[in-house]
Amino acid sequence: MPDPNGFLRYDRRLPARRPVPVRISDWREVYPPAGEELIREQATRCMDCGIPFCHDGCPLGNRIPDWNDLVRTGNWDAAVDSLHATNNFPEFTGRLCPAPCEAACVLGLGGQQPVTIKQVEVEIADAAVARDGLRPRPASASTGRSVAVVGSGPAGLAAAQQLARAGHTVTVYERDDAIGGLLRYGIPDFKLEKQHIDKRLAQLTAEGVRFRTGVEVGVDVTAEQLRAEHDAVLLACGALQGRDTPETPGRALRGVHQAMAHLVAANRVVAAAGDGKPAPATLPDGTPIDAAGKHVVIIGGGDTAADCLGVAHRQGAAGVHQLDLYPEPPTERDAARDPWPTWPWVLRNYPAHEEGGERVFAVAVQEFVDDGTGQVRAVRIAEVTVEKVDGRRIVTALPGSEREIPADLVLLAIGFEGTEEQPLLAQFGVIRNGRGAIDSRPDWQATDGVFVAGDMHRGASLIVWAIAEGRAAAAAIHTYLGGVGDLPAPVDPARQPLAAR
Ligand SMILES: Cc1cc2nc3c(=O)[nH]c(=O)nc-3n(C[C@H](O)[C@H](O)[C@H](O)COP(=O)(O)OP(=O)(O)OC[C@H]3O[C@@H](n4cnc5c(N)ncnc54)[C@H](O)[C@@H]3O)c2cc1C
Ligand code: SF4
């Protein structure tokens, strides 16, 4: 039985991050391992609350109190099994998840700091690798049925693993030159070193999953061919259509780019160098997009913007501003607006924010300013208020508040508009809805025999949701193929995060 008084004896503590001057001189992960003593102490803070709302906060339904207690008592093998029972890739979520489970931790009700659930998760995940190197669990018999998975992000990979373990033959088609989706070339190494993806891929390969990279479905292989070769198809193509701002004067200037262009280029350089040393990046057409020595302005306030910030510092930017349309959030939960156990609107400081740069809130870009040669030299901003009227966002500039911020490189990290318009959609007979996503029936089918999961279905979201949807879609495909028994389905297509309204 868990220790009911652990949270009274121990405060919440996380391992120290690597010092800023050290970590911005390389691309290694920001957090060193916590160490067994700290992690067992922190797991002891989980108090056996009886009704663990963290289960509802986590879309995967991770059995958090169970593995906290197993860690507390040093029963690591059982903790690994318990975690893997609900999560195919805890080494990804343990590093990258914003941890809605922690916002729902019952300790938060009494004004206590939540259990460090995510940190315990990553330590268990890494223990699994250290103990048996992610032992493959191949199916004991083949069903003779075959599934094509299009897209190799966390949704596609989770589905592929579930289906292969159930005995189906699974082929993952990926248009990029490497497997992983946004984990591979979107998210920088300082948040997720790519060795973690490679170790999982070795496990999936040993479990029978086949990978075909450099294959764009809809172009290199048609939907018709895929349908002919496989008994079912899962579309997990992500939501990679970057939002733009074509109406802003100066958008076409040199030096104004989509954030993903910068991140992908930087990640590719790190992948190519392989030695963890910073290196210059270029766009696919050879245009340099390195932040070294430049004044960088990042527009946007989410994960993508924070990743650009960390990359800019590692590339040696002269200075970085990060602009946000919205006012600075409070540092504490506003219980009237976001009561426990919902996900609160609070100021989120990513490790990248410790590394430098200036955040500017409640401003909107009025113009990207030309240096006279077609290259951006500044961003003209105005202070703004933002209101929602009939569901529409109304942004009003305050007269006389305009000013310029110097800029040689501007990165647009203002969100995503759903899955890309691409030949595959028409070939499979599916269309983007008003949010740019692909709708599904309650059994995850977008159209007969064609299933959809992850960001392509939900819109740009989180890794934990992608894994949860991949698992649930795999369960639906297993049933569709007449598989024996049920696979776990942690969410249904209509499931939304915990919310007060
Ligand atoms: C910069 C950035 C940072 C992020 N950081 C975090 C974070 O810290 N924590 C977190 O939880 N979430 C984060 N996210 C969100 C998270 O990465 C996504 O929610 C998640 O990767 C979605 O998984 P997915 O499998 O649905 O799609 P994706 O990971 O987008 O993968 C889709 C794959 O489909 C492939 N594809 C598309 N069309 C075709 C085709 N026709 N043929 C073959 N392949 C195709 C694409 O090349 C891609 O590899 C971040 C997102 C971005 C952009
Ligand atoms: S996957 Fe995310 S929400 Fe679930 S337990 Fe881990 S950190 Fe919490």
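Scroll up to find the structure this text is about.
Residues numbered from 1 in each chain as written. Chains lettered and ligands numbered in written order. Predicted model: local features only at pLDDT ≥ 70, side-chain atom pairs only at ≥ 80, totals over all residues. Heavy atoms only, no water.

Some remarks on helix α15 (residues 303–315)
Inference 1: Spanning 13 residues, α15 covers 18 Å between terminal C-alpha atoms, matching the ideal 18 Å at 1.5 Å per step.
Inference 2: For α15, the buried fraction is high: 12 of the 13 residues fall into the buried class.
Inference 3: Inspection of α15 places T304, A305, A306, D307, C308, L309, G310, V311, A312, H313, R314 and Q315 among the buried residues, and these make up the whole buried set.
Inference 4: At the exit of α15 stands G316, carrying a positive phi of roughly 90°. (Helix = DSSP H or I, 4+ residues; strand = E, 2+ residues; numbered from the N terminus. Expected span 1.5 Å × (residues − 1). Buried < 20%, exposed > 50% of the residue type's maximum accessible area, 1.4 Å probe, protein only.)

Some words on unusual backbone geometry
Inference 1: Cis geometry marks the peptide bond from W340 to P341, where omega comes out at 10°.
Inference 2: On the secondary structure map, P341 appears in the loop between β7 (319–323) and α16 (351–354).
Inference 3: Even without a glycine there, the phi angle at D390 is positive, about 50°.
Inference 4: Mapped onto the elements, D390 comes out in the loop between β10 (376–389) and β11 (392–397).
Inference 5: Notably, W444 is not glycine yet its phi reads approximately 70°, a positive angle.
Inference 6: In this fold, W444 is placed in the loop between α17 (423–428) and β14 (445–447).
Inference 7: The exposure class assigned to W444 is buried, which follows from its relative accessible area of 3%.

Quick look at the site of ligand 2
Inference 1: Around ligand 2, the structure places C58, N62, I64, T93, C97, A99, P100, C101, I117, K118, E121 and V464.
Inference 2: For the shell around ligand 2, the secondary structure elements donating two or more residues are α8 (100–103) and α9 (117–132).
Inference 3: If you tally residues by element for the shell around ligand 2, the top one is α9, at three residues.
Inference 4: Classifying every residue of the shell around ligand 2 gives eight nonpolar, two polar and two charged. (Near = heavy atom within 4 Å. Nonpolar A, V, L, I, M, F, W, Y, C, P; charged D, E, K, R; others polar.)

Concerning the side chain of H262
Inference 1: With respect to the helices and strands, H262 occurs in helix α14 (residues 259–273).
Inference 2: Owing to a relative accessible area of 0%, H262 belongs among the buried residues under this scheme.
Inference 3: With residues near it in sequence (within four places) discarded, H262 still touches I289, A291, C308, V311, A312, Q315, L409 and L411. (Contact = heavy atoms within 4.5 Å.)

Description of the sheet that holds strand β5 (residues 256–258)
Inference 1: One open sheet holds the five strands; their spatial order is β5-β13-β6-β7-β8, and the pairing between them is parallel. With one partner strand each, in any of the chains shown, β5 and β8 (358–360) form the two edges of the open sheet. In this sheet, neighbouring strand axes are inclined to one another by 20° on average, regardless of whether the strands run parallel or antiparallel.
Inference 2: Sheet topology note: the strand β6 (residues 295–299)/β7 ladder contains five bridges and is parallel. Residue pairing for β7: I299 is matched across the bridge by L323.
Inference 3: Relative to the sheet, α14 contacts β5 and β13 (409–412), its axis offset from that of β5 by approximately 75°.
Inference 4: Strand contacts of α15: β6, β7 and β13, with the helix running at about 175° to β7, the strand carrying the most contacts. (Pairing = 2+ DSSP bridges. Axes fitted to C-alpha atoms, helices over the stretch in contact; angles between N-to-C directions.)

As for the sheet that holds β14
Inference 1: Taken in spatial order, the six strands make up an open sheet running β3-β2-β1-β4-β15-β14, and their pairing is mixed. Each having just a single partner strand, β3 (210–213) and β14 make up the two edges of the open sheet. Adjacent strand axes in the sheet meet at a mean angle of 25°, parallel and antiparallel pairs treated alike.
Inference 2: Sheet topology note: the β14/strand β15 (residues 450–452) ladder contains two bridges and is antiparallel. By the bridge assignment for β15, T447 is matched with V450.

Quick notes on the pairing of β10
Inference 1: Inspection of the sheet shows strand β9 (residues 363–370) paired to β10 by seven bridges, in the antiparallel sense. Paired with V369 across the bridge in β10 is A378.
Inference 2: In sequence, β9 turns back onto β10 through a hairpin of five residues, with G372 there showing a positive phi of about 100°.
Inference 3: Of the strand pairs in this sheet, β10 and strand β12 (residues 403–406) are connected by four bridges, and their pairing is antiparallel. Looking at the pairing, V379 lines up with I405 of β12.
Inference 4: Linking β10 to β11, which pair antiparallel, is a turn of two residues; within it D390 sits at a positive phi near 50°.

Topic: the packing of aromatic side chains
Inference 1: This model, assessed by the stated rule, comprises four aromatic pairs.
Inference 2: Centroid distance F451 to Y480: 5.4 Å. Interplanar angle 75°. Geometry classified as edge-to-face. Placement of the pair is F451 in strand β15 and Y480 in helix α19 (residues 463–480), with a sequence separation of 29 residues.
Inference 3: Judged by relative accessible area, which is 40%, Y480 ranks as partly exposed.
Inference 4: Lying across the ring of F190, R314 places its NZ or CZ 3.9 Å from the centre.
Inference 5: Sitting over the face of the ring of W465, R458 holds its NZ or CZ atom 3.8 Å from the ring centroid. (Phe/Tyr/Trp six-rings, centres within 6.5 Å; stacked < 30°, edge-to-face > 60°. Lys NZ or Arg CZ within 6 Å of the ring centre and 35° of its normal.)

By themselves these figures say nothing about function.
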